[in-house]
Amino acid sequence: MEQPKRDCYNVLGIKKSANTKEIKKAYKKLAMKYHPDRNPDNIVAEEKFKEIKSSYEILSNPESKEKYDAYGYQGFDKNTRAGNSGFRGQSGFRGQSGFSGQSGFSGQSGFSGQSGFSGQSGFSSNADFFDMFNQGRPQKPKPKPQPQKGSDIAISIEITLEDSINGCQKEVRLPNTAGSLLVSIPKGINSKQKVRVAGKGNPGTLGAERGDLFVSVNVLADDLFKRDQNDLYYEMDVLFTLAALGGMITVPTFSGSLKLKIPQGTQNGRKFRIKGKGVPSMKGDAGDLIYTVKIKIPEILTDEQRILLTKLGKTF
C-alpha cells in the first residue's frame, strides 16, 4: 500500500473522532474532485487522488484504523514490531491483497462485488464510483486547437466640431503596446459613432489574423455653432437699426465667412437657411447652415443717440 505523505485525517479533512459514515462522505467528495478522469493530464491532481485513496483505505477499515491510530505509518512497516503485530496475511491485512469485512474491500482484487465497492464504507453496485466516470471506456481524442482570430480593441477619442465637419487624422495610442497609430476620421462623424481599423487589434492564435481596432468618437461642444443631426445653428447679433433699415452683415462659417443680406424690418428670432452648408453626412449629402437673428439693443447711449431715438420714437 502506498502511504500518504501527510496525516490521513488531514488528507481527508476530518477529525480523528470521525465515524465510518463521515470518513466515507469526506472520501467520496474529495475523490470526485481529484479523480484523474475529471483532471486529465493533471499530475498534481493525480498525486492528490492517490493520497486520498490511500488514506481512505487505512481509515475505512476498523482494524487498520485502530493500528494507524496506535502506531501511525510504522504500524504497516513489516520491518517493525508494530508492523508484524495484529494483522494477518502477507500484506499486513486480511486476504491476499486488500481489505475485508465491513471496510468495503475484500478478495484477491482488493474490492468485492462487480462494482468494485461494497460494505458500509464503500459505494454500492448501483452507484459505482468508477462507472460515474465511465472508467474503461475509450477516451475520445482531444480536439486539436484551431486558429482563432484575435480579439478587438476599443478606444475612445475627443475631436472638435470643426474636425467632425471637415474630417481629420488623429494619432491614437494603442493599449498594452508602446506604439501609436494614425487614424483617419471621416467627414460628418458624430458623437458615439465608431471608426473601424481592420487588422489593428490583438494578434490571433496559431497564425490567425489579428482583431480590429474600434475608435469611438466624442465631439466636443463648440462656442459658436450648435449641431443638430447634420444641421448647424448660429445665433447672430443684429443691431436694431440694421434690423429696421435692412443691410448686409458678415457671418462666420467653418470654411471662412460670408455676407448675409438682412431685409428691412427683420424681426428677432427670424431664421436664414443656407442649403447644403451644414455638416456633410458620411453618406455624401450635407445638412443646412441656419442663422437665427438676435436683435441687439445697446445698453449705454450717448446724449446724441438718446436725442435721436427720442425724436424717432415720437414719429411712431
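Provided above is the structure to which this section pertains.
Sequence order sets the numbering: in each chain, residues are counted from 1 along the sequence as written. Whole-chain, interface and lining totals are the exception, using all residues; otherwise, since this is a predicted model, local features are given only for residues with pLDDT of at least 70 and side-chain atom pairs are given and counted only at 80 or more. As a convention, hydrogens and water are excluded, and side-chain values are obtained from all of the structure's heavy atoms.

Draft legend 1. Structural context of the sheet that holds strand S10 (residues 271-274). Strands were regarded as paired on the criterion that DSSP finds at least two bridges between them. Strands here are runs of E lasting at least two residues and helices are runs of H or I lasting at least four, both read from the DSSP assignment and numbered beginning at the N terminus. Ordered by their spatial adjacency, four strands build an open sheet running S6-S7-S11-S10, and the pairing between neighbours is mixed. The open sheet has two edge strands with one neighbour each: strand S6 (225-228) and S10. Between one strand axis and the next, the sheet turns through 30° on average, direction left out of account. Pairing of S6 with strand S7 (residues 231-239), which is carried by four bridges, proceeds in the antiparallel orientation. Between N-to-C directions, angles cover 0 to 180 degrees, with each direction set by a line fitted to C-alpha atoms, over the stretch in contact for helices.

Draft legend 2. Fine view of the packing of helix H2 (residues 20-34) against helix H3 (residues 43-59). In contact at an axis separation of 9 Å, H2 and H3 are set at 165° when each is read in the N-to-C sense. Overall, the two elements H2 and H3 adopt an arrangement that is roughly antiparallel. Considering the relative orientation of H2 and H3, their crossing is left-handed. Side by side, H2 and H3 meet where Ile23, Lys24, Tyr27, Leu30, Ala31 and Tyr34 of the first sit next to Ala45, Lys48, Phe49, Ile52, Lys53, Tyr56 and Leu59 of the second. The nonpolar class holds Ala, Val, Leu, Ile, Met, Phe, Trp, Tyr, Cys and Pro. Asp, Glu, Lys and Arg form the charged class, and all remaining residues, Gly among them, are polar. Taken together, the residues that form the contact of H2 with H3 break down as ten nonpolar, no polar and three charged. Between 65 and 115 degrees an angle is taken as roughly perpendicular, under 35 as roughly parallel, over 145 as roughly antiparallel, and anywhere else as oblique. Two helices cross in a left-handed way if the nearer one is turned anticlockwise from the farther one by less than a right angle. They cross in a right-handed way if the turn is clockwise. Contact criterion: two residues are considered in contact whenever any of their non-hydrogen atoms come within 4.5 Å of each other.

Draft legend 3. Here's a closer look at a nonpolar patch on the surface. Residues enter a patch when their relative accessible area is above 30% and they make no salt bridge; the linking distance is 9 Å between like charges and 5 Å between nonpolar side chains (Val, Leu, Ile, Met, Phe, Trp, Tyr). Note on areas: Shrake-Rupley, 1.4 Å probe, and residue coverage restricted to the protein chains presented here. Throughout this description, the term salt bridge denotes a Lys or Arg side-chain nitrogen within 4 Å of a carboxyl oxygen of Asp or Glu. A cluster of nonpolar side chains, namely Leu309, Leu312 and Phe316, defines an oily patch on the protein surface of about 330 Å² accessible area. Mapped onto the elements, Phe316 comes out in the segment after helix H8 (303-315).

Draft legend 4. Up close: the environment of Arg6. Take Arg6: it is sitting in the segment before helix H1 (8-12). Exposure is judged per residue with a 1.4 Å probe applied to protein chains only, and the accessible area is read against the type maximum: over 50% gives exposed, under 20% gives buried, and values in between give partly exposed. On the accessibility criterion, Arg6 (35% relative accessible area) is partly exposed. Sequence spacing of Arg6 and Ser55 is 49 residues, and the spatial spacing of their C-alpha atoms is 9.0 Å.

Draft legend 5. Local environment of the pairing of S7. Residues Leu232, Tyr234, Met236 and Val238 line the buried face of S7, whereas the alternating positions Asp231, Tyr233, Glu235, Asp237 and Leu239 sit on a face that is not buried. Where S6 folds back onto S7 in an antiparallel hairpin, the turn is made up of two residues, including Gln229, whose phi is positive at roughly 55°. As judged from the eight bridges shared by S7 and strand S11 (residues 289-296), these two strands associate in the parallel manner. Note on S11: the bridge partner recorded for Leu239 is Lys296.

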